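Here is how the chains run, residue by residue.
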Amino acid sequence: MFTPRSSLVRAVVAFVLVASLPSGGAIAADKAKLSLKGSPSLGSPDTVFVFRAVLTGGVDSEDLYCLSTEWAWGEQADASINETECPPFKAGETPVERVFTEEQTFRSIGAHQVRVVLRKGEKEIASAATTVTVRRVR
């Protein structure tokens, strides 16, 4: 049976649920996502591959500000970690970096999987991977 009191209770419950979501009602669709592309995707051992990671979604907030990047170069033992020192974050003023690039060459023939991880301190924010192929020069 419908009563004015029950509709008021439902409205209050709905408000509390929405207000408790991150960003005042944001849902998982607003979560930041990372994509990674290598260019060119096919090259020789002399090719300089340019990798471009793009962070989309999420809110420009302190959570996405001043991220470090960790690049893993497939079978190569060395990884590149880029950490920057950033001025304090000011909401609505401080831009959040969303594009990260790196260059790499591969001397061995074959497919090389490259992975990038964005971190805020020790916390992983997002990661992505792509593959480029090195072929013999004829």
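Every value quoted in this text rests on a predicted model; they were computed, and no experiment measured them. (Residues numbered from 1 in each chain as written. Predicted model: local features only at pLDDT ≥ 70, side-chain atom pairs only at ≥ 80, totals over all residues. Heavy atoms only, no water.)

### Thoughts on the overall build of the chain
As a reminder of what qualifies: Each helix is a run of DSSP H or I of at least 4 residues and each strand a run of E of at least 2, with the numbering of both proceeding from the N terminus. Whether a residue is buried, partly exposed or exposed follows from its accessible area with a 1.4 Å probe, protein chains only, as a fraction of its type maximum: under 20%, in between, or over 50%, in that order. Any pair of residues with heavy atoms lying within 4.5 Å of one another is described as a contacting pair.
Within the chain one finds 1 helix and 8 strands. Counting from the amino terminus, helix and strand elements in the chain follow one another as α-β-β-β-β-β-β-β-β. Out of the 138 residues belonging to the chain, those deemed buried represent 29%. Taking the contacts inside the chain whose residues are at least 6 apart along the sequence as the reference set, 61% of them involve residues at least 24 apart.

### With respect to the pairing of strand β1 (residues 33-39)
As a reminder of what qualifies: Pairing between two strands is assigned when DSSP locates at least 2 bridges connecting them.
Covered by surrounding structure in β1 are Leu 34, Leu 36 and Gly 38 only, the residues Lys 33, Ser 35, Lys 37 and Ser 39 on the alternate face being uncovered. As paired elements, β1 and strand β3 (residues 49-56) share 7 bridges and run antiparallel to each other. Note on β3: the bridge partner recorded for Lys 33 is Thr 56.

### Focus: the sheet that holds β3
Where we set the bar: The axes used here are C-alpha line fits, helices contributing only the stretch in contact, and every angle between their N-to-C directions lies in the interval 0 to 180 degrees.
Read from one edge to the other, the open sheet built from 3 strands follows the order β1-β3-β6, with strand pairing classed as antiparallel. A strand with exactly one partner marks an edge of an open sheet, and here the two such strands are β1 and β6 (99-104). Taking the axes of each pair of neighbouring strands and ignoring which way they run, one obtains an average angle of 15° across the sheet. Bridge count between β3 and β6: 6 bridges; the pairing is antiparallel. By the bridge assignment for β6, Val 54 is matched with Val 99.

### Quick look at the packing of aromatic side chains
How we decide: Only Phe, Tyr and Trp rings are paired, with Trp represented by its six-membered ring, and only when their centres lie within 6.5 Å; those with planes under 30 degrees apart are stacked, over 60 edge-to-face, the remainder tilted.
Following the criterion strictly, the structure yields 7 aromatic pairs and no others. Considering the side-chain rings of Phe 51 and Phe 106, the 6.5 Å spacing of their centres and the 90° angle between planes classify their relative orientation as edge-to-face. Here Phe 106 lies in the loop between β6 and β7 (110-120) and Phe 51 lies in strand β3, a separation of 55 residues in the sequence. Assessed through its relative accessible area of 0%, Phe 106 is described here as buried. Members of the aromatic cluster, joined through ring pairs, are Phe 49, Phe 51, Trp 71, Trp 73 and Phe 106.

### Considerations on the nonpolar core
This is how it is decided: Throughout, nonpolar core names a set of buried Ala, Val, Leu, Ile, Met, Phe, Trp, Tyr and Cys residues whose side chains join them through atoms within 4.5 Å.
Core analysis: the largest hydrophobic core is formed by 24 residues, its most contacted members being Leu 34, Leu 36, Phe 51, Leu 55, Trp 71 and Phe 106. Those elements that place two or more of their residues in this core are β1, β3, β7 and β8 (123-134). Looking at this core, the element that brings in the most residues is β8, giving 5 residues. Those residues in contact with Leu 36 that sit more than four places away from it in its chain are Phe 51, Arg 52, Ala 53, Trp 71, Val 114, Arg 115, Val 116, Ala 128, Ala 129 and Thr 130.

### Digging into the side chain of Thr 94
Going by this rule: Definition of a polar contact: a pair of N or O atoms within 3.5 Å, with one able to donate and the other able to accept a hydrogen when the atoms are protein atoms, and with sequence-neighbouring residues admitted only if both atoms are side-chain atoms.
As for its position among the elements, Thr 94 is in the loop between β5 (79-82) and β6. Judged by its relative accessible area of 16%, Thr 94 falls in the buried class. Side-chain polar atoms of Thr 94 contact the backbone nitrogen of Lys 90, separated by 2.7 Å.

### Regarding the layout of surface pockets
How we decide: Put simply, the grid is 1 Å and covers the protein atoms alone, a cavity is a trapped set of points that fit a 1.4 Å probe, a pocket is an open set with protein on both sides within 12 Å along at least five of seven lines, and lining residues have an atom within 4 Å of a point. Grid points are joined across faces, edges and corners, and a volume is the space filled by probe spheres set on the points. Under the scheme applied, nonpolar residues are Ala, Val, Leu, Ile, Met, Phe, Trp, Tyr, Cys and Pro; charged residues are Asp, Glu, Lys and Arg; polar residues are all the others, including Gly.
Each pocket or cavity is described by its volume, and for the second largest pocket that value is around 180 Å³. Lining the second largest pocket are Cys 66, Leu 67, Ser 68, Thr 69, Glu 70, Ile 81, Glu 83, Thr 84, Arg 119, Lys 120, Gly 121 and Glu 122. Those elements that provide at least two residues to the lining of the second largest pocket are β4 (68-72) and β7. A breakdown of the residues in the lining of the second largest pocket according to their chemical character gives 3 nonpolar, 4 polar and 5 charged.

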